[in-house]
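Residue-level structure breakdown
Okay, here's what each chain looks like letter by letter:
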Amino acid sequence: MRLMQRLGLGLVLSLAVLAAQGGTPRDPGRYFFDQTLGDFSEELETARQDGKKAILIMFEMDECPFCHRMKQTVLNQPEIQDYFKQHFLVLSVDIEGDVEITDFKGQLTTEKDFAFKGNRVRATPVFAFFDLNGDPIKGARYTGATNGPEEFQWFGEYVVDEVFREMSFTRYKRARQQAN
């Protein structure tokens, strides 16, 4: 009986921790990333029609521990997923991928070449925002894992509120940290 009480208490504590974190984590593959057939020029049109602010691409690779950490601790959070789905079309590109895609300009390429040649991605993860013309948004690129969901949320707000026009994300983040 004592074991059952401990298990029950453990379950209650686990649920309390999840509730304090904002909800039960959800699969980022299903709730964060949008599905694509690999025609990014077509995705631009979809983003425009859906009233999105920009397209966010996560450049990643399978063996990347920081990519996995982001998916397990940040991109799986319901509040992050809901905010980014509301404002952005979110895609994933495998920097080692040989899958053919059509880039934003309508040119056929591979995921690997789109990452390395087209966007100079050398490390993962890289989160890069593109405007609705398919051009990179200057200053709206983040390499590596964020410190947590709050910092990633700030990165999204930085683009939605167009703060990138006024200051770097580092300065914006510092201002947000001082305000808290």
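Here, the structure is the one placed above.
This one's a predicted model, so the numbers in the text were calculated from it and none came from an experiment.

Before going further, it helps to examine the overall build of the chain. On a plain count of helices and strands, the chain comes out with 8 helices and 6 strands. Reading the secondary structure of the chain in the N-to-C direction produces α-α-α-β-α-α-β-β-β-α-β-β-α-α. The burial tally for the chain puts 44% of its 180 residues in the buried class. A total of about 10300 Å² of accessible surface is found on the chain, and carbon and sulfur atoms cover 52% of it.

Another point: the pattern of salt bridges. All chains considered together, the criterion is met by 11 salt bridges. For Lys105, the salt bridge goes to Asp135, with nearest N and O atoms at 2.9 Å. In this pair, Lys105 is assigned in the loop between strand E3 (100-102) and strand E4 (108-110) and Asp135 in the loop between strand E5 (126-130) and strand E6 (136-143), connecting sequence segments 30 residues apart. Classification of Lys105 as exposed rests on a relative accessible area of 53%. The partly exposed category is assigned to Asp135, whose relative accessible area is 32%.

Of note, Lys52 is situated in the loop between helix H3 (40-49) and strand E1 (54-60). For the buried residue Lys52, which engages in no salt bridge, the nearest side chain bearing the opposite charge is Asp50, 5.4 Å off. In this view, Lys52 contacts Ala47, Lys85, Gln86, His87, Phe88, Leu89 and Leu132; residues no more than four positions away in its chain are not counted.

This part takes up the nonpolar core. Within the largest apolar cluster, 31 residues are counted, with the highest numbers of intra-cluster contacts made by Phe84, Phe129 and Phe152. No other element matches helix H7 (residues 149-160), which puts 6 residues into this core. Those residues in contact with Phe84 that sit more than four places away from it in its chain are Phe32, Leu56, Val90, Phe129, Phe152, Gln153 and Gly156.

Calculation notes
- Residues numbered from 1 in each chain as written.
- Predicted model: local features only at pLDDT ≥ 70, side-chain atom pairs only at ≥ 80, totals over all residues.
- Heavy atoms only, no water.
- Helix = DSSP H or I, 4+ residues; strand = E, 2+ residues; numbered from the N terminus.
- Buried < 20%, exposed > 50% of the residue type's maximum accessible area, 1.4 Å probe, protein only.
- Areas by Shrake-Rupley, 256 points an atom, 1.4 Å probe, with all protein chains shown as cover.
- Salt bridge = Lys/Arg side-chain N within 4 Å of Asp/Glu carboxyl O.
- Lys, Arg positive; Asp, Glu negative; His and termini not counted.
- Contact = heavy atoms within 4.5 Å.
- Core = buried A, V, L, I, M, F, W, Y, C linked by side-chain atoms within 4.5 Å.

Geometry only, nothing functional implied.
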